[in-house]
Amino acid sequence: MPNLKHHGICDASAAIPMSKDRFLLAGDEDNILRLYNSRESGSPLLEADIANYFQENTENAETENEGASQLADTVFWITSHGRNRRGKLIKARYYFFANRVELKDGQLLHQAVGRSYQGLLDDMLDDPRLKKFKLKKAARRSPKSGGGLNIEGLAATPDKKLLIGFRNPVPDEKALVLKLENPFEVLKEETARFADPIQLDLGGLGIRSIEYWSARKCYLIIAGAFSGVRNFGLYRWDGIPSHAPEHLSEIDFGELNPEGLIIYPDEPEHFQIISDDGNVERDDCRCKRLPVGHPGKYFRSRWYSISK
């Protein structure tokens, strides 16, 4: 299948399936959820503004949504927890939140679950098992600099927990993964509890996206450089911390900038990759800088399968 073009936003990042032919996307450019057809190019079918989820974000700053995953009827979302590219601290980038979303009578209905939590990074810094990763120092740097901090992956586990995947830092050239043991309690402003940290060998790359594929009983991981260098790979991992992920060299992302994975419950053979096209040049302008309504303001996606 050729690339699909989804109009209205360029910086695609976090997405979840809503049905066999619909997905819901949060991007980096605003605080709006957009529903798209997963099989056809086109504009958003429906939109929902979630700015009111973030009580402290009075200026409606971008929350830099990066990862999403669903447990039962609750969708969890995580922002980058990193500074902006100039190294400036922006509090709106430090949210862990959740909602319930449904399609009903042609409307996209949504409701926040609990309170949007801004203490996740502090909880990590307080965990003695994470001291060796120097996250406090990393948190002061820009996210795409060496040793910076940038979270981009979130995956539900079979035991109803969440895996948090770091694009940066990549300590000892291994991707860092944290298992959040109490996601629902965190929404009630309880301190986050983590399992022992996991480090995965992804060829020196960090995590751009991670999702559990229940039909295959494995995780798929998009690996990428912590910087803006084009270096990507797709890996399969059985979820056992001591086991190395398998590089799926058969997958060629081509000109895409893979940023998100969508695994549909009714698709045991195929999955969808979404591309972050914010910095793609169109009409002599970076996509993210194009005005709303410009025909070049879109992100791409493509369907893939793996042989076994």
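Scroll up a little and you will see the structure.
Computed from a predicted structure; not experimentally measured.

## Here's the deal with the overall build of the chain
Item 1. The number of helices and strands found in the chain is three helices and 22 strands.
Item 2. Since a compact globule built from 308 residues should have a radius of gyration of about 19 Å, the 18 Å found for the chain is in line with a globular shape.
Item 3. Each principal axis of the C-alpha atoms in the chain carries an extent, and together these give about 50 × 45 × 40 Å.
Item 4. Counting every position in the chain, which comprises 308 residues, the buried fraction comes to 56%.
Item 5. Restricting the contact set of the chain to residue pairs at least 6 apart, pairs at least 24 apart contribute 55%.
Item 6. If the 43 positive side-chain charges of the chain are averaged to one point and the 45 negative ones to another, these points end up 4 Å apart.

## A short note on the pairing of strand 12 (residues 175-180)
Item 1. The buried fraction of strand 12 amounts to six of the six residues, a majority that puts the element mostly inside the structure.
Item 2. Covered by surrounding structure in strand 12 are A175, V177 and K179 together with L176, L178 and L180, the residues of both alternating faces.
Item 3. Where strand 11 (residues 162-168) folds back on strand 12, the antiparallel hairpin that results is connected by six residues, among which D172 adopts a positive phi of roughly 55 degrees.
Item 4. Looking at chain direction, strand 12 and strand 13 (residues 198-200) are connected through three bridges and run antiparallel. Looking at strand 13, one finds that V177 is bridged to I198.

## Digging into the sheet that holds strand 22 (residues 298-305)
Item 1. Strands sit in the order 1-22-19-18 across an open sheet of four strands; the sheet is antiparallel. Looking at which strands have only one partner, the edges of the open sheet turn out to be strand 1 (4-7) and strand 18 (258-262). On average, each strand axis in the sheet is tilted by 30 degrees relative to the strand beside it, whichever way the strands run.

## Observations regarding the packing of aromatic side chains
Item 1. Summed over the entire model, instances satisfying the criterion amount to 16 aromatic pairs.
Item 2. Between F23 and F299, the aromatic rings sit 6.4 Å apart at their centres with planes inclined by 70 degrees, giving edge-to-face as the arrangement. With F23 in strand 3 (residues 22-27) and F299 in strand 22, this pair connects stretches of sequence that are 276 residues apart. Summarising the burial analysis for this pair, F23 and F299 share the class buried.
Item 3. On the numbers, 4.7 Å between centres and 45 degrees between planes, the contact of F54 with Y95 is tilted. Here F54, found in the loop between strand 5 (46-49) and strand 6 (65-71), pairs with Y95, found in the loop between strand 7 (74-79) and strand 8 (96-104); they are 41 residues apart in sequence, far enough to count as distant.

## A word on the nonpolar core
Item 1. Residues F96, L120, M124 and I164 are the most contacted members of the largest nonpolar core, which totals 30 residues.
Item 2. Elements that contribute at least two residues to this core include exactly strand 7, strand 8, helix 1 (120-126), helix 2 (135-138), strand 10 (150-156), strand 11 and strand 12.
Item 3. If we ignore the near neighbours within four places in the chain, the residues touching M124 are L130, L135, I151, I164, F166, L178 and F194.
Item 4. Residues A48, I50, A68 and L108 belong to the second largest nonpolar core, which totals 17 residues.

## Considering the environment of L261
Item 1. Here L261 shows up in strand 18.
Item 2. Counting along the chain gives eleven residues from L261 to Q272, while the straight-line C-alpha distance between them is 5.9 Å.

## Concerning a positive patch on the surface
Item 1. Together, R85, R86, K88 and R289 make up a positively charged patch on the protein surface.
Item 2. Take R289: it is sitting in the loop between strand 21 (285-286) and strand 22.

## Thoughts on the state of the cysteines
Item 1. Under the defined criterion, the tally for this structure stands at one disulfide.
Item 2. Disulfide pairing is shown between C10 and C287; the S-S distance is 1.9 Å. Around the S-S axis, the bridge from C10 to C287 shows a dihedral of about -70 degrees and counts as left-handed. In this pair, C10 is assigned in the loop between strand 1 and strand 2 (12-19) and C287 in the loop between strand 21 and strand 22, connecting sequence segments 277 residues apart.
Item 3. A residue is classified by how much of its surface remains accessible, and C287, at 0% relative accessible area, is buried.
Item 4. Looking at the unpaired C285, the closest cysteine sulfur is the one in C287, lying at 8.4 Å.

## A few points about the sheet that holds strand 17 (residues 246-247)
Item 1. Spatial ordering of the open sheet is given by 14-15-16-17, a layout of four strands whose pairing is antiparallel. Because the sheet does not close on itself, it has two edges, and the strands there are strand 14 (206-213) and strand 17.
Item 2. Pairing of strand 15 (residues 218-224) with strand 16 (residues 232-237) involves six bridges; the strand directions are antiparallel. From the neighbouring strand, I221 faces strand 16, where its bridge partner is Y235.

## Here we look at the pattern of salt bridges
Opposite charge on two side chains makes pairing possible when the charged atoms of those side chains draw close.
Item 1. Under the counting rule described, the total for this entry stands at 20 salt bridges.
Item 2. With its nearest N and O atoms 2.8 Å apart, the salt bridge here joins R129 to D196. With a gap of 67 residues between them, R129 in the loop between helix 1 and helix 2 and D196 in the loop between helix 3 (183-186) and strand 13 connect regions that are remote in the sequence.
Item 3. Of the charged contacts, one joins K179 and D159 as a salt bridge, the two residues approaching to 2.7 Å between their closest N and O atoms. Pair noted here: K179 is in strand 12 and D159 is in the loop between strand 10 and strand 11, with a separation of 20 residues, a long-range link.
Item 4. With relative accessibility at 37%, the residue D159 sits in the partly exposed group.

Definitions and cut-offs
Along every chain, residues carry numbers that run from 1 in the direction the sequence is written. Only residues with pLDDT of at least 70 get local features here, since the model is predicted, and only at 80 or more are side-chain atom pairs given and counted; chain-wide, interface and lining totals rely on the full set of residues. By convention in this description, side-chain values take in all heavy atoms of the structure and omit both hydrogens and water. Secondary structure elements are taken from DSSP: a helix is a run of H or I of four residues or more, a strand is a run of E of two residues or more, and numbering for both begins at the N terminus. The reference for a compact globule is 2.2 Å times residues^0.38; the radius of gyration itself is calculated from the C-alpha atoms. Three exposure classes are used, based on accessible area relative to the maximum for each residue type with a 1.4 Å probe and protein chains only: buried under 20%, partly exposed in between, and exposed over 50%. Residues are treated as being in contact if the distance between any of their heavy atoms lies within 4.5 Å. Counting rule applied: Lys, Arg positive; Asp, Glu negative; His and chain ends not counted. A charge is said to be at NZ when it belongs to Lys, at CZ for Arg, at CG for Asp and at CD for Glu. Only when DSSP finds a minimum of two bridges between them are two strands counted as paired. Here the axes come from fitting lines to C-alpha atoms, over the contacting stretch only for helices, and the angles between their N-to-C directions go from 0 to 180 degrees. Paired rings are identified among Phe, Tyr and Trp, the last through its six-membered ring, by centres lying within 6.5 Å, and are further divided according to the angle between planes into stacked (under 30 degrees), edge-to-face (over 60) and tilted (the rest). Definition of nonpolar core: a set of buried residues of the types Ala, Val, Leu, Ile, Met, Phe, Trp, Tyr and Cys, connected through side-chain atoms within 4.5 Å. Each patch is assembled from residues with relative accessible area greater than 30% and no salt bridge, linking like charges that lie within 9 Å and nonpolar side chains (Val, Leu, Ile, Met, Phe, Trp, Tyr) that lie within 5 Å. Here the open area of atoms and residues is found with the Shrake-Rupley method and a 1.4 Å probe, where only the protein chains shown may cover a residue. Throughout this description, the term salt bridge denotes a Lys or Arg side-chain nitrogen within 4 Å of a carboxyl oxygen of Asp or Glu. Two cysteine sulfurs form what is called a disulfide whenever their separation falls within 2.5 Å.

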